[in-house]
Amino acid sequence: MKKPLTVNCPTCQTGVIWAATSEHRPFCSERCQKIDLGAWANESYSIAAVQQDEWELSDATQNKATAEMNNASETDTNTDLHLH
Ligand SMILES: [Zn+2]
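Just so it is clear, the structure is predicted and the values come from calculations on it, not from any experiment.

Peer 1: How would you sum up the overall build of the protein? Please name residues and give values.
Peer 2: Secondary structure assignment for the protein yields two helices and two strands. From first element to last, N terminus to C terminus, the protein shows the α and β order β-β-α-α. When burial is assessed residue by residue, the protein has 5% of its 84 residues classed as buried.

Peer 1: I'd like a description of the environment of D36, backed by residues and values.
Peer 2: Mapping D36 onto the fold places it in helix α1 (residues 30-40). Here the alpha-carbon distance between D36 and T11, two residues 25 residues apart in the chain, equals 6.3 Å. Apart from residues no more than four positions distant in its own chain, D36 is found in contact with P10, T11 and F27.

Peer 1: Before we move on, can you summarise the environment of C12 with the specific residues and values?
Peer 2: As for its placement among the helices and strands, C12 is situated in the loop between β1 (6-8) and β2 (15-17). Of the residues examined, C12 has 14 C-beta atoms within 10 Å and is grouped as partly exposed. Here C12 is in contact with C28 and C32, once residues within four sequence places are set aside.

Peer 1: Give me unusual backbone geometry: which residues, what numbers.
Peer 2: Cis peptide bonds are those with omega within 30 degrees of zero, and the linkage from R25 to P26 qualifies with 5°. Checked against the element boundaries, P26 lands in the loop between β2 and α1. With phi around 70°, Q13 is a residue other than glycine that occupies positive phi space.

Reading the values: the criteria
- Sequence order as written defines the numbering, with residues in each chain counted from 1.
- Residue-level local features of this predicted model are given only where pLDDT is at least 70; pairs of side-chain atoms are given and counted only at 80 or more, and the full residue set underlies all totals for whole chains, interfaces and linings.
- Labels follow the DSSP assignment, with helices taken as runs of H or I lasting at least four residues and strands as runs of E lasting at least two, numbered in each case from the N terminus.
- Between the buried cut of 20 or more and the exposed cut of 12 or fewer other C-beta atoms within 10 Å of a residue's own C-beta lies the partly exposed class, and all C-beta atoms are placed from the backbone.
- Residues are scored as being in contact if the C-beta atoms we place from backbone atoms lie within 7 Å.

If you want it as structure tokens, here you go:
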């Protein structure tokens, strides 16, 4: 079983389950989402941009791991062919 991924609400740091049911993710609620959007208009903009970059890096790392797993199974198949 896969553990549900949780993130901390950027506004109040409450844990939020990263799923379709959490429609305001990564915020815990519409209220926190609106507070953060208001912050973007102010000096917090650069901090929010850095956080988004970290998310993109995290996704890229996960994709790479998946690709390596796929490569590993292809290598196994090739080894079988050589043995037979
Ligand atoms: Zn919140």
